[in-house]
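Chain residues, written in single-letter form:
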Amino acid sequence: MSESTTSAARAGDDYAAQLAEFSDEYAEICRQQAVLAARTARLLARSAAYADAFADTVVPAAFPPAERRALARRSTCAALAMATRIPEQTVQRATNDAEALVNDAPAVLESLEAGRISARHAKTITDQLCDVPTDGRAVFLATVLPVAEQATDAELRRRARVLRERLHPESITSRSKRSEADRRVEVEPAADGMAWVHLFTTAPIALGIAERVDAAAAESRKAGDTRTCAQLQADALAALALTGVTPDDVMSSPVLPHPIEVQEHIKPTVQITVPALSMAGVSDAPATLDGYGPIDPETAARIAVNAPSFTRILVQPETGAILSVGRNQYRVPADLQRAVRLRDGTCRAPGCGRRARACDLDHSVAWDDGGTTDVGNLACLCRHHHRMKHLPGWNLDHGPGGALEWTTPDGKHHRTEPDPAPF
């Protein structure tokens, strides 16, 4: 054997040994994560049971029994969320998943605790299990758990869905009709002035939209448009939604409008915060679009021109202090309401991101207790946290500058500050 061959063999052995070390350690880390996930599930399920047991004690009797239970659970989830800086709805969903795992699938929980499956495998099983009739659950679990311990989550999901369909007592037609009630549109902000629009609708409509977008994009491409397929599809959907352009329209004008052209059709009620120098055209500091965040000043100016109801807020560029608030919007709130909402930006409960304009204006010190109606005693709270603030164990102190000091029923303290000026 030559020296080069010997060196290559030695290098191969070293690589194999190191790779084995990596794979063993990675597998052990994943096993520990599974153990922690099982521990988390048990804790969250216990916290929910505890909230139920003490609902009549911690929630005033003025609320109906069912509402007392719901408020006790939400209060518990809120305290956990604030302690960990995790969104409250995330904790609520995790608690629901934990109860399903602990109460309905103990064998799956045991496998998770042993590190034989991951948390994703466990959630896939419980997600499908929820619609399986009681008398079919033992068969379902006995069938899918061995698959989970040997297969990827994607393979498990495919096989679990097939088995769930076979065991489900209700026809898919009835379930589809019921699921239609959940259709909705959601907007998800992204970076650099971009955003995602998610449409949850029936499968035929979703495929129909995709085919229509593809057809319009294809016609524009045939006409010599140099945009990429992805760009054309995105621009086609925007044109369909905002201008009514359809694939039939491209027979006379096959080239799809550019996003800047489509933007001219936006007729929103908007609130844009703009630095004074940007409005004057001598600075490129970003504007702030309410509900999204920073956008470039050129886009802000185009939207402002077309908005029939528009609030423009000019701010001093060095300090961020508000200089003026336009009053040419459809429904003008009181000056005090405007000042508080502009200051807070969102609900002032720790971790809550509900926009201020969708929140209640709460007297931190109640009016009946001598609280005043001024900027130093008002804060934006969403309806959920407004009600929660009044539950036993919760306390809110309003400090100088709009700082809020929250105390949760477990005695922990959390501070929130008003949104800083955007510039």
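Just so it is clear, the structure is predicted and the values come from calculations on it, not from any experiment. (Residues numbered from 1 in each chain as written. Predicted model: local features only at pLDDT ≥ 70, side-chain atom pairs only at ≥ 80, totals over all residues. Heavy atoms only, no water.)

Colleague: When you look at the confidence of the model for the protein chain in this model, what are you seeing that I'm missing?
Modeller: Caution applies to low-pLDDT parts of the model: their predicted coordinates are not meant to be read in detail. Per-residue confidence for the protein chain averages 80 on the pLDDT scale, and 75% of its residues sit at or above 70. Per-residue pLDDT, averaged within each element of the protein chain, yields its smallest value for strand β7 (residues 322-325) (36) and its largest for helix α5 (residues 106-113) (97). Across residues 321-333, confidence stays below pLDDT 50; counting only partners more than four residues off in sequence or on other chains, it has 35 contacts. (pLDDT = per-residue confidence, 0-100. Helix = DSSP H or I, 4+ residues; strand = E, 2+ residues; numbered from the N terminus. Contact = heavy atoms within 4.5 Å.)

Colleague: Mind showing me how you'd approach the pairing of strand β2 (residues 195-200) here?
Modeller: For a regular strand, side chains alternate in direction, first toward one face of the sheet and then toward the other. Relative to β2, strand β1 (residues 184-189) runs antiparallel, the two being bridged by six bridges. For valine 185, the partnering residue across the bridge sits in β2 and is leucine 199. What sits between β1 and β2 in their antiparallel hairpin is a turn of five residues, with aspartate 192 showing a positive phi close to 60°. (Pairing = 2+ DSSP bridges.)

Colleague: Can you help me understand the environment of arginine 387 in this one?
Modeller: On the secondary structure map, arginine 387 appears in helix α16 (residues 383-389). In this structure, the C-alpha to C-alpha distance between arginine 387 and leucine 71, residues 316 residues apart in sequence, is 8.9 Å. Not counting residues up to four positions away in its chain, the partners in contact with arginine 387 are Phe63, Glu67 and Leu71.

Colleague: What is the right way to read the sheet that holds strand β11 (residues 404-407) from this model?
Modeller: Pairing between sheet strands relies on hydrogen bonds along the backbone, with the strands arranged either parallel or antiparallel. Read across the sheet, three strands follow the order β10-β11-β12 without closing on themselves; strand pairing throughout is antiparallel. Edge strands, defined here as strands with exactly one partner in the open sheet, are β10 (395-398) and β12 (413-416). Recorded for the sheet is a direction-independent mean angle of 20° between the axes of neighbouring strands. Pairing of β10 with β11, which is carried by four bridges, proceeds in the antiparallel orientation. (Axes fitted to C-alpha atoms, helices over the stretch in contact; angles between N-to-C directions.)

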